[in-house]
Amino acid sequence: MANDFSLEKFQEIKPGMDSLAVFKLLGKPLFIRHDTVENKLFQIRFEYTSDGKLLQQMKRGDQTYEDYAWYNAVVTLNPSGKVERSGGGWCYD
């Protein structure tokens with residue numbers, strides 16, 4: 001998980017924000033992916049979580065999530081560096 005990341009902050013990401021605003025709020029992502037179509041930049045993805053990195057923070061009652069799943073949090077920007085969408089969800093191993 002990226003150092004400054006939290007689910008609460010992630011939910012504050014809105015379409016139209018620029019990449020600097022995202023960095024200020026969430027910090028540097030773990031991965032930055034540049035997706036291309038026919039060698040032309042299509043979108044940029046900031047990936048803030050990775051397998052097993054959010055386990056210690058995710059609790060539900062007395063249970064904690066084991067390493068059967070991980071939370072994927074991604075911010076997708078257009079080639080101009082503006083947020084198009086953000087989303088997260090559980091990925092199962």
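Description of the structure in this document. In this text the structure is predicted, and so the values were computed from the model without any measurement.

So, how was this worked out
Residues numbered from 1 in each chain as written. Predicted model: local features only at pLDDT ≥ 70, side-chain atom pairs only at ≥ 80, totals over all residues. Heavy atoms only, no water. Helix = DSSP H or I, 4+ residues; strand = E, 2+ residues; numbered from the N terminus. Buried < 20%, exposed > 50% of the residue type's maximum accessible area, 1.4 Å probe, protein only. Contact = heavy atoms within 4.5 Å. Core = buried A, V, L, I, M, F, W, Y, C linked by side-chain atoms within 4.5 Å. Phe/Tyr/Trp six-rings, centres within 6.5 Å; stacked < 30°, edge-to-face > 60°. Pairing = 2+ DSSP bridges. Axes fitted to C-alpha atoms, helices over the stretch in contact; angles between N-to-C directions.

### Topic: the environment of Gly89
Part 1 of the argument: Tracing the sequence through the fold places Gly89 in strand β6 (residues 83–92).
Part 2 of the argument: Assessed through its relative accessible area of 25%, Gly89 is described here as partly exposed.
Part 3 of the argument: For the pair Gly89 and Ala73, spaced 16 residues apart in the sequence, the C-alpha separation amounts to 6.8 Å.
Part 4 of the argument: Not counting the four nearest positions on each side in its chain, Gly89 is found in contact with Trp70, Tyr71 and Asn72.

### Brief notes about the nonpolar core
Part 1 of the argument: Counting residues in each nonpolar core, the largest one holds 17 residues, and the members touching the most others are Phe5, Ile13, Val22, Leu26, Phe46, Tyr48 and Val75.
Part 2 of the argument: Sorting the residues of this core by element identifies α1 (7–10), α2 (19–26), β2 (40–47) and β5 (69–77) as the ones contributing at least two each.
Part 3 of the argument: Here this core gets four residues from one element, more than from any other, and that element is β5.
Part 4 of the argument: In contact with Tyr48, not counting residues within four places along its chain, are Met1, Ala2, Phe5, Val22, Phe23, Leu26, Gly27, Lys28, Pro29, Leu30, Ala73 and Val75.

### Re the packing of aromatic side chains
Part 1 of the argument: A full pass over the atoms with the stated rule returns four aromatic pairs.
Part 2 of the argument: Ring centres of Phe23 and Phe46 lie 5.0 Å apart, and the angle between their planes is 20°; on these two criteria the pair is classed as stacked. In this pair, Phe23 sits in helix α2 while Phe46 sits in strand β2, placing the two residues 23 residues apart along the sequence.
Part 3 of the argument: Relative accessible area serves as the criterion here: at 4%, Phe46 is assigned to the buried category.
Part 4 of the argument: An aromatic cluster is defined as three or more aromatic residues linked by ring pairs; in this entry it consists of Phe5, Phe10 and Tyr48.

### Regarding the sheet that holds β2
Part 1 of the argument: Taken in spatial order, the four strands make up an open sheet running β1-β2-β5-β6, and their pairing is antiparallel. Among the strands making up the open sheet, the edge pair consists of β1 (31–37) and β6. For this sheet, the mean inter-axis angle between neighbouring strands, taken without regard to orientation, is 25°.

### A few points about unusual backbone geometry
Part 1 of the argument: Although it is not a glycine, Glu38 sits at a positive phi angle of roughly 50°.
Part 2 of the argument: Looking at the secondary structure, you find Glu38 in the loop between β1 and β2.
Part 3 of the argument: Residue class for Glu38 comes out exposed when judged on its relative accessible area of 77%.
Part 4 of the argument: The phi dihedral of Asn39 falls on the positive side, at around 65°, and the residue is not glycine.
Part 5 of the argument: In this fold, Asn39 is placed in the loop between β1 and β2.

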